[in-house]
Amino acid sequence: MAELISGKEVSAKVKAQIHEETLAVKEKGVTPGLAVVIVGNDPASRVYVNSKKKACAEVGFESYEYALPEETTQEELLGLVEKLNKDSKVNGILVQLPLPKQIDENAVINAINPEKDVDAFHPFNVGKIMIGDFAYLPCTPAGVMELIDSTGVEISGKSCVVIGRSNIVGKPMAMLLLHRSGTVTICHSKTKNLAEICRGADILVAAVGKAKFVTADMVKDGAVIIDVGMNRLENGKLCGDVDFENVEKKASYITPVPGGVGPMTIAMLMRNTLTAAKMQNEIE
Ligand code: GUN
């Protein structure tokens, strides 16, 4: 039976440390500020944005919410980003994705000042992640790394399989595992022998977006299983990408959903915002 990796516990420790560092930054007259922009009425995005604002309050940051209507034009959103780029109280800018279809997400990401890009989505920061010289952590992958490290399991030399190749999770996840000398395979919807590849994984990260996609027959005995999925079932319950009930019988460590990767993503966002506030005010 696998041991649970508690994202709640690990994220609480990270946030406590950030809170302490924030007190020291505040003594120097700086309060880290995060602008959170949400466009439209996506219920999942609303939940995420509320969690991000709550985390800001917990660690002692100021948060500034901008809730724009569904019919907002790209020009209007770019105008807001430009304003936030110039606002010295705002150290980090987070535009919650996905955006309504009339808005080109890349145009918005490209407009954010890379120094305020606490999601690390701007091509400048993505490039820095690629070469391993970066200030801003890609939030979800960095949270996953903290969870793996909390188990004490060594990554170097291990077979690491990432299912999913999104810009937000799969690609940067593979990069962080590679920087730690994992032997990394990225699987996706066109991968032919996916189950077989997964069975070779010492560390398996599922970021597919399909409920219970990873079944017990795809998992090696003693593997570390990290579930990035957040799927809403018809009965309204949240469910990860992993068939938890059966996979936990084979794994050595496994993350629950909810309470696994989700809280870590937010903790890493807080870390980036603190980094941003320090850099922009030349502290340390
Ligand atoms: N949508 C899903 N995940 C994320 C995230 O990490 N950041 C933003 N801005 N939008 C998201």
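The next thing to look at is the overall build of the protein. In terms of regular secondary structure, the protein is built from 10 helices and 11 strands. Whereas a compact globule of 284 residues would reach a radius of gyration of roughly 19 Å, the protein reaches 19 Å, a difference of no more than 12%. Across the 284 residues in the protein, those meeting the buried criterion constitute 48%. Surface summary for the protein: the accessible area is close to 13,500 Å², and the carbon and sulfur share equals 52%. In the protein, the 31 positive side-chain charges and the 36 negative ones have mean positions that sit 2 Å from each other.

Before going further, it helps to spend a moment on the site of the ligand. In the neighbourhood of the ligand, the contacting residues comprise K52, L94, V95, Q96, L97, D119 and F121. Within the backbone of V95, an N or O atom sits 2.9 Å from a nitrogen atom of the ligand. In this structure, D119 approaches the ligand through a side-chain N or O atom, which is 2.7 Å from a nitrogen atom. A class-by-class count of the residues in the shell around the ligand yields 4 nonpolar, 1 polar and 2 charged.

This part covers a negative patch on the surface. On the surface, D42, E70, E71, E75 and E76 cluster together into a negatively charged patch. Of note, D42 is situated in the loop between β2 (33-39) and α2 (43-59).

When β2 meets strand β3 (residues 62-68), the two strands line up parallel, connected through 7 bridges. The partner of G33 across the bridge, within β3, is E62. Where the polypeptide runs from β2 across α2 and back to β3, its parallel neighbour, the crossover connection is right-handed.

This part is about the nonpolar core. The biggest cluster of nonpolar side chains holds 51 residues, and the ones touching the most others in it are L34, V144, L177, V205, I226 and M270. Discounting chain neighbours no more than four positions away, the residues touching V144 are M173, V205, I226, V228 and V261. In terms of nonpolar packing, the next biggest core, distinct from the first, is built from 18 residues, I163, C187, M218 and A251 among them.

Let us look at the sheet that holds strand β11 (residues 253-254). Spatial ordering of the open sheet is given by β1-β11-β8-β7-β5-β6, a layout of 6 strands whose pairing is parallel. Taken across any chain shown, the strands that pair with only one partner, and hence form the sheet edges, are β1 (3-4) and β6 (183-187). Strand direction decides the pairing type here: strand β5 (residues 159-163) and strand β7 (residues 203-206), joined by 4 bridges, are parallel. Within β7, the position partnered with V161 by the bridge is L204.

On to the sheet that holds strand β4 (residues 92-95). If you trace the 3 strands from one edge of the open sheet to the other, you get β3-β2-β4, paired in parallel fashion. Each edge of the open sheet is held by one strand with a lone partner, namely β3 and β4. Between one strand axis and the next, the sheet turns through 15 degrees on average, direction left out of account. Examined bridge by bridge, β2 and β4 share 4 bridges and lie parallel to one another. Looking at β4, one finds that V37 is bridged to V95.

Let us look at a nonpolar patch on the surface. The grouping of V47, Y48 and M230 at the surface amounts to a nonpolar patch, some 250 Å² of accessible area in total. Looking at the secondary structure, you find Y48 in helix α2. Accessibility expressed as a relative area gives 34% for Y48, which makes it partly exposed.

Criteria and cut-off values
- Residues numbered from 1 in each chain as written.
- Predicted model: local features only at pLDDT ≥ 70, side-chain atom pairs only at ≥ 80, totals over all residues.
- Heavy atoms only, no water.
- Helix = DSSP H or I, 4+ residues; strand = E, 2+ residues; numbered from the N terminus.
- Rg over C-alpha atoms; globule rule 2.2 N^0.38 Å.
- Buried < 20%, exposed > 50% of the residue type's maximum accessible area, 1.4 Å probe, protein only.
- Areas by Shrake-Rupley, 256 points an atom, 1.4 Å probe, with all protein chains shown as cover.
- Lys, Arg positive; Asp, Glu negative; His and termini not counted.
- Charge placed at Lys NZ, Arg CZ, Asp CG, Glu CD.
- Near = heavy atom within 4 Å.
- Polar contact = N/O pair within 3.5 Å; in protein donor to acceptor, adjacent residues only side chain to side chain.
- Nonpolar A, V, L, I, M, F, W, Y, C, P; charged D, E, K, R; others polar.
- Patch = residues over 30% accessible without salt bridge, like charges linked within 9 Å, V, L, I, M, F, W, Y side chains within 5 Å.
- Salt bridge = Lys/Arg side-chain N within 4 Å of Asp/Glu carboxyl O.
- Pairing = 2+ DSSP bridges.
- Right-handed = clockwise from strand over helix to strand, strands pointing away.
- Core = buried A, V, L, I, M, F, W, Y, C linked by side-chain atoms within 4.5 Å.
- Contact = heavy atoms within 4.5 Å.
- Axes fitted to C-alpha atoms, helices over the stretch in contact; angles between N-to-C directions.

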